[in-house]
Amino acid sequence: MYEPIRTKSVHTMAGTTPSDFPHRSREEELDIQLAGHLAALLAVTDEIRALAPSADLDAATERLAEQVARLRGGSAPVRSTVATAIHEPGVVALHQRAHALAGRALVVAASRADTAAAILAAERMDAHASAADPRELAPH
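Residues numbered from 1 in each chain as written. Predicted model: local features only at pLDDT ≥ 70, side-chain atom pairs only at ≥ 80, totals over all residues. Heavy atoms only, no water.

**Student:** Run through the overall build of the protein chain, naming residues and quoting values.
**Tutor:** On a plain count of helices and strands, the protein chain comes out with five helices and zero strands. Moving toward the C terminus, one meets the helices and strands of the protein chain in the order α-α-α-α-α. Expressed as a percentage of its 140 residues, the buried residues of the protein chain come to 31%. In the protein chain, of all internal contacts separated by at least 6 residues, the share reaching a separation of at least 24 is 70%. For the protein chain, the accessible area works out to roughly 9300 Å², and carbon and sulfur atoms hold 59% of it. (Helix = DSSP H or I, 4+ residues; strand = E, 2+ residues; numbered from the N terminus. Buried < 20%, exposed > 50% of the residue type's maximum accessible area, 1.4 Å probe, protein only. Contact = heavy atoms within 4.5 Å. Areas by Shrake-Rupley, 256 points an atom, 1.4 Å probe, with all protein chains shown as cover.)

What follows is the structure in structure tokens.
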């Protein structure tokens, strides 16, 4: 009824076997994702620090940089000393972006059972949530 396929698939590259390609484990992929989310959170936190410096943000950026370096095998993340946005978004918008990034980092940290990164991400979510709340920013 049907003839068997007698030629190689068009999706197979000539002269290669699947074992020729480097493959990462699930843990390595999660490490890369988590490092990326934390590095993005670090960049946004640096932007917030440039607009509204605080000791809490200074400590947070140091902890974030340590976690990124740990996940990247000791390679320190690139840091910016100035806000690089062409149009400076409001501090509230930056806190909202940081909150979302911390949430993504928390999900990945939880899935790879990285307690230190999960705790840091949860703390940053709380800090950015309260900072992004307009009721917290209004004078009492």
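**Student:** Could you give an account of unusual backbone geometry, with specific residues and numbers?
**Tutor:** One non-glycine residue, Ala113, lies in positive phi territory at about 60 degrees. Structurally, Ala113 is set in the loop between helix H3 (91-111) and helix H4 (115-132). Look at Ala113 and you get exposed, because its relative accessible area is 66%.

**Student:** Give me the side chain of Arg124: which residues, what numbers.
**Tutor:** Topologically, Arg124 is positioned in helix H4. Classification of Arg124 by relative accessible area gives buried; the value is 5%.

**Student:** So what's going on with H4? Residues and values would help.
**Tutor:** Think of an α-helix as turning once every 3.6 residues; residues three or four places apart then point the same way. With 18 residues, H4 should cover 26 Å at 1.5 Å per step; its first-to-last C-alpha distance of 25 Å lies within 8% of that length. Within H4, burial applies to Ala117, Ala118, Leu120, Ala121, Arg124, Met125, His128, Ala131 and Ala132. Buried residues of H4 fall within an arc of 160 degrees about the axis and therefore sit on the same side. In this structure, H4 carries Thr115 and Asp126 as exposed residues pointing more than 90 degrees from its buried face. (Expected span 1.5 Å × (residues − 1). Arc of directions from axis to C-beta.)

**Student:** Quick rundown of the nonpolar core? Include the residues and the values.
**Tutor:** A general trend in soluble globular proteins is that nonpolar side chains are found buried together. The biggest cluster of nonpolar side chains holds 26 residues, and the ones touching the most others in it are Leu34, Leu38, Leu41, Val44, Ile48 and Leu64. Secondary structure elements with two or more residues in this core: helix H1 (26-51), helix H2 (55-71), H3 and H4. Top element by residues in this core is H1. It accounts for nine residues. Look past the residues within four positions of Leu64 in its chain and what remains in contact with it is Leu38, Leu41, Leu42, Thr45 and Leu120. (Core = buried A, V, L, I, M, F, W, Y, C linked by side-chain atoms within 4.5 Å.)

**Student:** Could you give an account of the pattern of salt bridges, with specific residues and numbers?
**Tutor:** For the coordinates displayed, the defined rule picks out eight salt bridges. Between Arg24 and Glu29 there is a salt bridge, and its shortest N-O distance comes to 3.0 Å. For Arg24, a relative accessible area of 55% translates into the label exposed. Assessed through its relative accessible area of 32%, Glu29 is described here as partly exposed. The residue Arg49 makes a salt bridge to Asp58 at a minimum N-O spacing of 2.7 Å. Sharing partners across several salt bridges, the network here consists of Asp31, Arg70, Arg112 and Asp114. (Salt bridge = Lys/Arg side-chain N within 4 Å of Asp/Glu carboxyl O.)

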